[in-house]
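Here are the chains, one letter per residue:
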Amino acid sequence: MKKKRIAAATISVLALISAITGSYAYFTDKKSIDISAKTTNLAIEVDDREFTNEKVKNMLPGDSRELSYTVTNVGKADALVISEITLISSVPMDDTVEWFIQDTDGNFSDEDRQVDPEMAGKDFVDEVTINEVMDSKIKFVSLTDDSKVAKFIVNNGVLARNQTSTVDLLLTLGLNAGNSFMDSNCEVIANVYGIQNENTDGALTWEFIKDTADANGQIENP
Amino acid sequence: MIRHKIVLTVFILIMSTYTSMANYVDKECKSITACAASWEDNEETGCCYEINNEIPNETDVEEYVFPVTPSEI
C-alpha cells in the first residue's frame, strides 16, 4: 500500500514538472547573415625576347652587353620584384670576378666585384635579408668554392598590379679576364621573384623567399 | 602517452610558426649562355709583322718608264 502511494506521488511530481516546463514557451525569431572572405593573388610574367644568346656572343675582355627582360604584374596584389642572377663560368674566376652584371650606368667598381668574405665559398645566399636587398640596386652575394658560380641579387622595385617594368642590365667580361677565358662560356640564369609587398617582414631571409617560391611551384606543378 | 603529447605539441608549434611566416611568392626563370671570343688566325689578313716580312723594304728598280714623253707634257 505504501509502495502505491510513493509511485502515485512520483507520477504526480513528474506530471507537475512536465506541465511547468511546457509553460516556458516563448515567441522567438532568428536571422542569419554571412560573408565570404576572399584572398587576392600574386603572379608575375617575364618577357625574355630581349634576353638572348645572340646579344652575348663573342665577348672580349672589356665588353659589356645589354641584357633586358620585362616583368609584368598579372596578379591583383602589388609585388616586390627581385631577380637572382646566377653566372656559371666554364672556367674558374678570380676573387675579383671576371664575369659580372652591373647597372646600365656601368659604374660597378672592382670592390663591387669582390664577394663579401662571409659569402665566399657558398653557393647560396640564405643570410641576405629583404632589407639588405632593398639597400642597393645590385648586390654581389656569393661565389662558390670552385669560383665558377657567382650570384647577384637585383632589386627591381615594387610593381603595382597590371604594371610592366623593364629590367636593363649589362653583362660584362672584365679586363682582368686572361687567356684562360678564350672560347669560354658563361651561363646567365635569371630567377625573377615576385613577393607580396604588403605585410612583408623586411627581416625575411632570401633563403626563405626561395624556399617559399619553390614550395609554391611544386603545389602549382605537382 | 606524455611523450606523444610532447611530440604533438612540438609539431603544432613548428607548423604554426611556418604558417605565420608564409608569404605570396611567385617565380619565373630564364637563362642564356654568353660566349667569350676566341683569337682565330686569319690567313687572308696577316698581321703587320707578317706583311713587313713578306714585302722587303729595298726594291731594285732598273728604269722608270713614263707613259708620255716630256715634249708631250
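Residues numbered from 1 in each chain as written. Chains lettered and ligands numbered in written order. Predicted model: local features only at pLDDT ≥ 70, side-chain atom pairs only at ≥ 80, totals over all residues. Heavy atoms only, no water.

Visitor: Please provide a residue-by-residue account of unusual backbone geometry, values included.
Guide: Residue and element names in this part refer to chain A. Here Asn58, not a glycine, exhibits a phi torsion of approximately 50°, which is positive. Tracing the chain through its elements places Asn58 in the loop between strand S1 (44–47) and strand S2 (64–73). For Asn199, which is not glycine, the phi torsion reads 60° and is therefore positive. The topology assignment puts Asn199 in the loop between strand S9 (185–196) and helix H3 (206–220). (Helix = DSSP H or I, 4+ residues; strand = E, 2+ residues; numbered from the N terminus.)

Visitor: I'd like to hear about the sheet that holds strand S7 (residues 149–159) of chain A, residue by residue, with values.
Guide: Spatial ordering of the open sheet is given by S5(A)-S6(A)-S7(A)-S3(A)-S9(A)-S1(B), a layout of six strands whose pairing is mixed. Edge positions in the sheet fall to strand S5 (120–121) of chain A together with strand S1 (25–35) of chain B, since each has one partner strand and no second. Relative to S7 of chain A, strand S6 (residues 138–144) of chain A runs antiparallel, the two sharing five bridges. The residue of S7 of chain A that forms the bridge with Phe140 of chain A is Phe152 of chain A. (Pairing = 2+ DSSP bridges.)

Visitor: Go over the interface of chain B and chain A with me, naming the residues and quoting the values.
Guide: Across the contact, 19 residues belong to chain B and 45 residues belong to chain A. Both faces considered, chain B and chain A share a buried interface measuring about 2900 Å² in area, 56% of it formed by carbon and sulfur atoms. When residues of chain B are sorted by the area they lose upon contact with chain A, Tyr24, Lys30 and Ile32 of chain B head the list and together hold 27% of the total. Our enumeration of links across chain B and chain A arrives at one salt bridge. (Contact = heavy atoms within 4.5 Å. Buried area = accessible area lost by both parts, 1.4 Å probe. Salt bridge = Lys/Arg side-chain N within 4 Å of Asp/Glu carboxyl O.)

Visitor: Give a detailed account of the confidence of the model for chain A, specifying residues and quantitative values.
Guide: Low-confidence regions, as indicated by low pLDDT, have predicted coordinates that should not be scrutinised in detail. Confidence along chain A averages 87 in pLDDT terms, with 91% of residues attaining 70 or more. When the elements of chain A are averaged for pLDDT, S5 of chain A gives the smallest value, 70, and strand S4 (residues 99–102) of chain A the largest, 95. (pLDDT = per-residue confidence, 0-100.)

Visitor: Give a description of the environment of Thr166 of chain A that names residues and reports values.
Guide: Residues and elements named next belong to chain A. Position of Thr166 among the secondary structure elements: in strand S8 (residues 164–173). A residue is classified by how much of its surface remains accessible, and Thr166, at 46% relative accessible area, is partly exposed. For the pair Thr166 and Asp47, spaced 119 residues apart in sequence, the C-alpha separation works out to 9.1 Å. Setting aside anything within four residues of it in sequence, one finds Thr166 in contact with Ser68, Tyr69 and Thr70. (Buried < 20%, exposed > 50% of the residue type's maximum accessible area, 1.4 Å probe, protein only.)

Visitor: Please give an account of a negative patch on the surface that cites residues and values.
Guide: Together, Asp116, Glu118, Glu127, Glu132, Asp135, Glu207 and Asp211 of chain A line one region of the surface with negative charge. Counting residues per element, the ones that place at least two in the negative patch are helix H2 (130–135) and H3 of chain A. (Patch = residues over 30% accessible without salt bridge, like charges linked within 9 Å, V, L, I, M, F, W, Y side chains within 5 Å. Areas by Shrake-Rupley, 256 points an atom, 1.4 Å probe, with all protein chains shown as cover. Lys, Arg positive; Asp, Glu negative; His and termini not counted. Charge placed at Lys NZ, Arg CZ, Asp CG, Glu CD.)

Visitor: Describe the packing of aromatic side chains, and please don't skip the residues or the numbers.
Guide: All names here are of chain A. Inspection of the entire model under this criterion finds five aromatic pairs over all chains. Centroid distance Phe140 to Phe152: 4.7 Å. Interplanar angle 20°. Geometry classified as stacked. Of this pair, Phe140 sits in strand S6 while Phe152 sits in strand S7, and the two are twelve residues apart along the sequence. The exposure class of Phe152 is buried, given its relative accessible area of 0%. Site record: aromatic cluster; members linked through ring pairs are Phe100, Phe108, Phe140 and Phe152. (Phe/Tyr/Trp six-rings, centres within 6.5 Å; stacked < 30°, edge-to-face > 60°.)

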